[in-house]
Amino acid sequence: MDLHFVDDVVRPTSREDLPQALPGDTPLAGGTSVMAEPGRDVRRLVDLTALGWPDLTVTGDGLEIAATCTIDRLVHADLPESWTARTLFRWCADSLLASYKIWHTATVGGNVCLALPAGSMTSLCSVLDASLLIWHPDGTDSVVSVEELVVGDQRTSLAPGDLLRSIHLSTAVLTARVAARRVSYAEYGRAGAVVLGRATDDGMVISVSGGSVRPFAVPVTTADPDEVVSACAAAVPDSAWFTDAHGTADWRRSVVPHLIREVADELGSDT
Ligand SMILES: Cc1cc2nc3c(=O)[nH]c(=O)nc-3n(C[C@H](O)[C@H](O)[C@H](O)COP(=O)(O)OP(=O)(O)OC[C@H]3O[C@@H](n4cnc5c(N)ncnc54)[C@H](O)[C@@H]3O)c2cc1C
């Protein structure tokens, strides 16, 4: 697509090389959204792909995923067998409307920063308690959760010039038992709601997303499915459910408890 309202494209190769933030600056990762549905206020593209961030780094304490790592790379990564939660990488990719052809270009960080409710890399980060490293334009860093970054439908807490640098998943969460459910109008359609769960030492974490304007990660200290459903209902306000082509708010509000129950049952019975 010709972005005729874009005046400039810069391709920094290091952090020092990043330009001073200007109004209309837009980070460009895979470009599957920036090129398809560009905001009218975009004036300069800051291409992140020349920064050369290694896609995936296995660290002493887990996995660091560069924001520019493609979804395809993550799905097909050769990772330790003991990281049982890695099954969610593929599962979450399959929850996108985007097909595997888009996975080749779309990045994990782009999916999170776009902050669509249908952002299943956001769902992944939510249930796996990811630590998101943010580079600020003044040279400082901060680490936030995905719930702190994705604050609404296509709304993030990123300030102008902020960049998501990487996503860290700890070994403890990667080796945890997980369960996943989604529901959609069409068998292979984009998920209307996503519920993910992860077993913890004292219970489980349930993440509700896809049908809510932002992700909700709910820690619970019980395996009783009724109590888990109640805890999630208390954590997700009625106003969080939304209506679009993939589901109505009422439908989402009514089906999600069933998904939560199934996830809780699976995690509770699998000990
Ligand atoms: C056919 C099709 C189906 C799709 N289906 C879905 C779907 O089901 N769910 C969904 O969520 N998306 C979907 N998308 C949108 C998009 O493809 C994905 O969200 C994708 O993961 C975005 O990644 P990207 O690397 O292409 O991001 P880009 O298009 O490059 O960027 C997306 C946004 O994030 C910002 N950004 C990117 N990287 C960073 C960073 N590191 N730091 C700060 N800001 C950054 C950009 O400025 C832009 O605002 C679909 C797109 C297509 C074309």
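The residue count restarts for each chain, going from 1 along the sequence in the order it is written. For a predicted model such as this one, the threshold for reporting local features is a pLDDT of at least 70, and the threshold for listing and counting side-chain atom pairs is 80 or more; totals across whole chains, interfaces and linings nevertheless cover every residue. Only hydrogens and water are set aside; all other atoms, that is, all heavy atoms of the structure, feed into the side-chain values.

## Focus: the site of the ligand
Then, number 1: Whether a residue is near a molecule or strand depends on its heavy atoms: if one lies within 4 Å, it is near. Neighbouring the ligand are 30 residues; Pro27, Gly30, Thr32, Leu97 and Thr107 lie closest to it.
Then, number 2: Polar contacts, as used here, are pairs of N or O atoms within 3.5 Å; protein pairs need one atom able to donate a hydrogen and one able to accept it. Residues neighboring in sequence count only if both atoms are side-chain atoms. Ala29 places a polar main-chain atom, nitrogen or oxygen, 2.8 Å from an oxygen atom of the ligand.
Then, number 3: Within the backbone of Gly30, an N or O atom sits 2.8 Å from an oxygen atom of the ligand.
Then, number 4: A 1.4 Å probe and the Shrake-Rupley method give the accessible areas. Residues count as covered only by the protein chains that appear here. If the ligand stood free it would expose 970 Å²; the protein chains cover 85% of that surface.
Then, number 5: Of all the elements in the fold, those that place two or more residues in the shell around the ligand are β2 (25-28), α4 (108-114) and β10 (163-169).
Then, number 6: Residue contributions to the shell around the ligand peak at four residues, all from α4.
Then, number 7: In this classification, the charged set is Asp, Glu, Lys and Arg, the nonpolar set is Ala, Val, Leu, Ile, Met, Phe, Trp, Tyr, Cys and Pro, and all remaining amino acids, among them Gly, are polar. Here the residues of the shell around the ligand are counted per class, giving 19 nonpolar, nine polar and two charged. Each helix is a run of H or I in the DSSP string that is no shorter than four residues. Each strand is a run of E no shorter than two, and both are numbered from the N terminus.

## A closer look at helix α5 (residues 120-127)
Structurally, the α-helix is built with 3.6 residues per turn, so residues lying three or four positions apart point the same way.
Then, number 1: Of all eight residues making up α5, eight are buried, and the element is well covered by its neighbours.
Then, number 2: Each residue's exposure class comes from its accessible area (1.4 Å probe, protein chains only) as a fraction of the maximum for that residue type: buried when under 20%, exposed when over 50%, partly exposed otherwise. Taken together, the buried positions of α5 are occupied by Ser120, Met121, Thr122, Ser123, Leu124, Cys125, Ser126 and Val127.
Then, number 3: Count one or two residues on from α5 and you reach Asp129, which has phi positive near 50°.

## Concerning the side chain of Arg165
Then, number 1: Secondary-structure assignment places Arg165 in strand β10.
Then, number 2: Although Arg165 is buried, it forms no salt bridge, and the closest oppositely charged side chain is Glu64 at an N-O distance of 4.1 Å.
Then, number 3: Apart from the residues lying within four places of it in its own chain, the contact partners of Arg165 are Trp53, Pro54, Glu64, Ala66, Ala67, Leu133 and Trp135. Charge convention: Lys and Arg are scored as positive, Asp and Glu as negative, and His as well as the terminal groups of each chain are ignored. Each reported salt bridge corresponds to a side-chain nitrogen of Lys or Arg within 4 Å of a carboxyl oxygen of Asp or Glu. Pairs of residues are marked as contacts when any of their non-hydrogen atoms sit within 4.5 Å.

## What to know about the sheet that holds strand β11 (residues 178-183)
Then, number 1: Here four strands make up an open sheet; going across it, the order is β11-β12-β13-β14 and the pairing antiparallel. The outermost strands of the open sheet, each flanked by one partner alone, are β11 and β14 (216-220). Ignoring strand direction, the axes of neighbouring strands in this sheet form an average angle of 15°.
Then, number 2: Pairing between two strands is assigned when DSSP locates at least 2 bridges connecting them. Across five bridges, the pairing between strand β13 (residues 203-209) and β14 is antiparallel. Within β14, the position partnered with Ile206 by the bridge is Val218.
Then, number 3: Geometry is summarised by axes, namely lines fitted to C-alpha atoms with helices restricted to the contacting stretch, and by angles between N-to-C directions that run from 0 to 180 degrees. Strand contacts of helix α8 (residues 225-235): β13 and β14, with the helix running at about 140° to β14, the strand carrying the most contacts.

## Concerning the domain arrangement of the protein
Then, number 1: For the purposes of this description, domain bounds are those given by an automatic or database domain assignment. One can read the domain layout of the protein as domain 1 (56-172) and domain 2 (177-269).
Then, number 2: Put simply, the middle of domain 1 and the middle of domain 2, counted by C-alpha atoms, are 20 Å apart.
Then, number 3: Contacts between the two partners involve 25 residues from domain 1, matched on the other side by 22 residues from domain 2.
Then, number 4: In short, buried area is how much 1.4 Å probe accessible area vanishes from two parts on joining, totalled over both. The three residues of domain 1 that bury the most area against domain 2 are Trp91, Pro117 and Val127, which together make up 33% of that side's buried surface.
Then, number 5: Counting across the interface, domain 1 meets domain 2 through zero salt bridges.
Then, number 6: Where domain 1 touches domain 2, the interface holds eight residue pairs in polar contact (both at pLDDT 80 or more).
Then, number 7: Breaking the side of domain 1 that touches domain 2 down by element, the ones donating at least two residues are α2 (87-94), α5, α6 (146-149) and β8 (150-152).

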